[in-house]
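Per-entry structural report
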Amino acid sequence: MYRSGAVMAWNVFRFCTALRGLGSIMILLVLGVVGVSYYAVVLSIYGPALTSGGLDSFISLAVLLIFHALLVMLLWSYFSVVLTDPGGVPPNYRPLVDEERGDVDHLTGSEFTQLTTPEPTNTRIRYCRKCNHVKPPRCHHCSVCGRCVLKMDHHCVWVVNCVGALNYKYFLLFLFYTLLETTLVTMSLLPYFLAFFSDGEIAGSPSTLATTFLAFVLNLAFALSVFGFLIMHATLVSGNTTTIEAYEKKTSPKWRYDLGRKRNFEQVFGTVERYWFIPAYSEEDLRRMPALQGLEYPSKPDLDSEES
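Structural notes on unusual backbone geometry
If you check the backbone angles, Arg-138 has positive phi at about 65° while not being a glycine. One can find Arg-138 in the loop between β2 (133-134) and β3 (140-142). The backbone of Lys-151 sits at a positive phi, close to 45°, despite the residue not being glycine. Residue position: Lys-151 is located in the loop between β4 (147-149) and β5 (154-156).

Encoded structure:
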């Protein structure tokens, strides 16, 4: 039994090390897909068509304007996820109450002292034995990052980062703009893709034709996969939960952090509408919404009273 456990731990360690090693490779892969799409749409087809005149020029201009606008938002959101710390536990963090369990009795200093014993018995305090510190509500340990992450959703190899409290909105916007951009590219290249299967002669060099074909296939694949992923996360946001929490509470019909769809949405995107579609928050929301800082979360008063 011990040997099998040790082998499993070693396999997990090697898997986490491999994920960390992907790093810049995944970023280069994302930029590579963007580059192929840009070459096919802008440089090969719709850019040159601007000078053709008539309706073709108008359509090309519209496609190029939308393409570049979505590309800016996609890259802004993407690098916001990559470069933003998802949220770590502050040094010497000490909660006043066990918020996740709905307790109203304040925690005492002696209860925190008991956590240093080899076999802690205090179940009122969530404690990470790997990081050796108290875990805030909705916080989980990431084996890839090697630390606890506030409101951790998952570790994403595509953004080379954990998705947590401080960058979850940026991740969702990245998915949203990726879906719009890949759908636009797919629809824009569809007539040229279908031309490959016609009997007529296709204009263009072999490299241009190959790039167009590759760009269509890649964008169609990403559009379909991201669509399903975005639907899943939209469901999670509507219930104010994360991927990890959805798995943990699948046997529980009640969820204390479900505040209703509107407030659940605001817990991720904020209350100021003009900031909903950009990877940033208003100073007002950051000041008055503790959930955006990842340490405190409003919950249903009725569930708190039932379980306290």
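A look at helix α7 (residues 261-269)
Every buried residue belonging to α7 is among Asn-264, Glu-266, Gln-267, Val-268 and Phe-269, and all of these are buried. Taken together, the buried residues of α7 touch α4 (168-195) and α5 (206-238). Downstream of α7 by one or two residues, Gly-270 has phi in the positive range, about 90°.

What to know about the pattern of salt bridges
Scanning all chains against the criterion turns up 5 salt bridges. Where Lys-262 meets Glu-266, a salt bridge forms, and the shortest distance between an N and an O atom there is 2.6 Å. Linking Lys-262 with Glu-266, this pair stays in helix α7, spanning 4 residues, or about one helical turn. When the shortest N-O distance is used, the salt bridge between Glu-284 and Arg-288 registers 3.4 Å. Of this pair, Glu-284 and Arg-288 both sit in helix α8 (residues 283-288), 4 residues apart, which is roughly one turn of the helix. Residue class for Arg-288 comes out partly exposed when judged on its relative accessible area of 47%. Taken together, the shared-partner salt bridges in this structure form one network comprising Glu-284, Asp-285 and Arg-288.

Describing empty space enclosed by the protein
Across all of its chains, the model carries 2 cavities of 30 Å³ or more by this definition. Within the residue set of the lining of the second largest cavity, elements represented by two or more residues are α4 and α7. Looking at the lining of the second largest cavity residue by residue, the class counts come to 7 nonpolar, 2 polar and 2 charged.

Side note on the packing of aromatic side chains
Scanning the entire structure with this criterion turns up 17 aromatic pairs. Relative to Phe-216, the ring of Phe-193 lies with its centre 4.1 Å away and its plane at 15°, an arrangement referred to as stacked. On the criterion of sequence distance, the pair formed by Phe-193 in helix α4 and Phe-216 in helix α5 is long-range, its members being 23 residues apart. Residue Phe-193 shares its accessibility class with Phe-216, and that shared class is buried. An aromatic cluster is built from Phe-193, Phe-196, Phe-197, Phe-213 and Phe-216, whose rings are joined through pairwise contacts. The cationic tip of Arg-138 hangs over the ring face of Tyr-257; the distance from NZ or CZ to the ring centre is 4.6 Å. Over the ring of Tyr-297 we find Arg-138, and its NZ or CZ is 4.9 Å from the ring centre.

A few points about the side chain of Gln-267
Relative to the elements of secondary structure, Gln-267 occurs in helix α7. Judged by relative accessible area, which is 9%, Gln-267 ranks as buried. Once residues lying within four places of it in the same chain are set aside, the contact partners of Gln-267 are Asn-240, Leu-259, Met-289, Ala-291, Leu-292 and Pro-298.

A few points about the nonpolar core
Ranked by internal contacts, the top residues of the largest apolar core, which has 46 residues, are Val-41, Tyr-168, Phe-171 and Leu-189. Broken down by element, this core gets its largest block of residues, 13 residues, from α4. Residues in contact with Val-41, not counting those within four places in the same chain, are Tyr-46, Gly-47, Val-63, Leu-64, Phe-67, Val-185 and Leu-189. Counting residues in hydrophobic clusters, the runner-up holds 13 residues, among them Cys-139, Cys-148, Trp-255 and Tyr-297.

Conventions and cut-offs
- Residues numbered from 1 in each chain as written.
- Predicted model: local features only at pLDDT ≥ 70, side-chain atom pairs only at ≥ 80, totals over all residues.
- Heavy atoms only, no water.
- Helix = DSSP H or I, 4+ residues; strand = E, 2+ residues; numbered from the N terminus.
- Buried < 20%, exposed > 50% of the residue type's maximum accessible area, 1.4 Å probe, protein only.
- Contact = heavy atoms within 4.5 Å.
- Salt bridge = Lys/Arg side-chain N within 4 Å of Asp/Glu carboxyl O.
- 1 Å grid on protein atoms, 1.4 Å probe; cavity = no way out; pocket = protein on both sides within 12 Å on 5 of 7 lines; lining within 4 Å.
- Points joined across faces, edges and corners; volume = space filled by probe spheres on them.
- Nonpolar A, V, L, I, M, F, W, Y, C, P; charged D, E, K, R; others polar.
- Phe/Tyr/Trp six-rings, centres within 6.5 Å; stacked < 30°, edge-to-face > 60°.
- Lys NZ or Arg CZ within 6 Å of the ring centre and 35° of its normal.
- Core = buried A, V, L, I, M, F, W, Y, C linked by side-chain atoms within 4.5 Å.

Coordinates in, geometry out; function isn't part of it.
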